[in-house]
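Below are the chains, spelled out letter by letter.
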Amino acid sequence: MIFVGTDNLAERWASTPLEQYKATLNEAGIVVFPVSGQHSEVKADEISYEDDYKGNALAAIFDGGKFEIRWHRDFSEVRVKSIFAGLLIHPQTAVFKRHSLTYQAKII
């Protein structure tokens, strides 16, 4: 699994507001980056968010205590849950357990 920008997430989030980060993710992994970046500009092998649903990844923002994933026509709610559950088992991203997951503006 690919992890970019996930080093010491729990420690970073203890000193920097969660709202200062965005992410792109899919079954291959996750890329976490500062809010000043654009989802379509931050890429990793096998993880590419593109406008107009052309990429293979989801766009996410951290908003307070929630991990908000933007709707993508190629990702069902079941698939999003599976991707998120896959991230939770890894030490680099276990900190996500503290946050609710929203997709299509509803908690899942």
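Notes on the structure in this doc start here. Please read these numbers as outputs of a predicted model, since none were measured by experiment.

**Comments concerning unusual backbone geometry**
- Phi is positive for Asn8, which is not a glycine, with a value near 55°.
- Note on placement: Asn8 falls in the loop between β1 (2-4) and α1 (9-15).
- The residue Asp52 is not glycine, and still its phi comes out positive at about 60°.
- The residue Asp52 is located in the loop between β3 (29-34) and β4 (58-63) in this model.

**Details of the nonpolar core**
- Within the largest apolar cluster, 23 residues are counted, with the highest numbers of intra-cluster contacts made by Leu25, Phe62, Phe67, Ile69 and Phe96.
- When residues of this core are assigned to their parent elements, the largest contribution, five residues, is made by helix α2 (residues 77-88).
- If near-sequence neighbours (up to four positions away) are discounted, Phe62 is found in contact with Trp13, Leu18, Glu19, Tyr21, Lys22, Ala23, Val32, Phe67 and Phe96.
- In terms of nonpolar packing, the next biggest core, distinct from the first, is built from nine residues, Val31, Ile47, Tyr49 and Ala59 among them.

**Observations regarding the pattern of salt bridges**
- Tallying each qualifying case throughout the model produces five salt bridges.
- The salt bridge partner of Lys43 is Glu50, with a shortest N-O separation of 2.6 Å.
- Given the relative accessible area of 27%, Glu50 is considered partly exposed.
- The salt bridge involving Lys106 is made with Glu77; its shortest N-O contact spans 3.1 Å. Linking Lys106 in strand β7 (residues 106-107) with Glu77 in helix α2, this pair joins segments that are 29 residues apart in sequence.
- A relative accessible area of 23% places Glu77 in the partly exposed class.
- Each of Glu77, Lys81 and Lys106 takes part in salt bridges that share partners, so that together they form one network.

**Here we look at the sheet that holds strand β5 (residues 66-69)**
- In space, the seven strands of this open sheet follow the order β1-β3-β2-β4-β5-β6-β7, with mixed pairing throughout. Of all strands in the sheet, those with a lone pairing partner are β1 and β7, marking the two edges.
- Pairing between β5 and strand β6 (residues 100-103): four bridges, direction parallel. In the sheet register, Ile69 faces β6, and the bridge partner there is Tyr103.

Calculation notes
- Residues numbered from 1 in each chain as written.
- Predicted model: local features only at pLDDT ≥ 70, side-chain atom pairs only at ≥ 80, totals over all residues.
- Heavy atoms only, no water.
- Helix = DSSP H or I, 4+ residues; strand = E, 2+ residues; numbered from the N terminus.
- Core = buried A, V, L, I, M, F, W, Y, C linked by side-chain atoms within 4.5 Å.
- Buried < 20%, exposed > 50% of the residue type's maximum accessible area, 1.4 Å probe, protein only.
- Contact = heavy atoms within 4.5 Å.
- Salt bridge = Lys/Arg side-chain N within 4 Å of Asp/Glu carboxyl O.
- Pairing = 2+ DSSP bridges.

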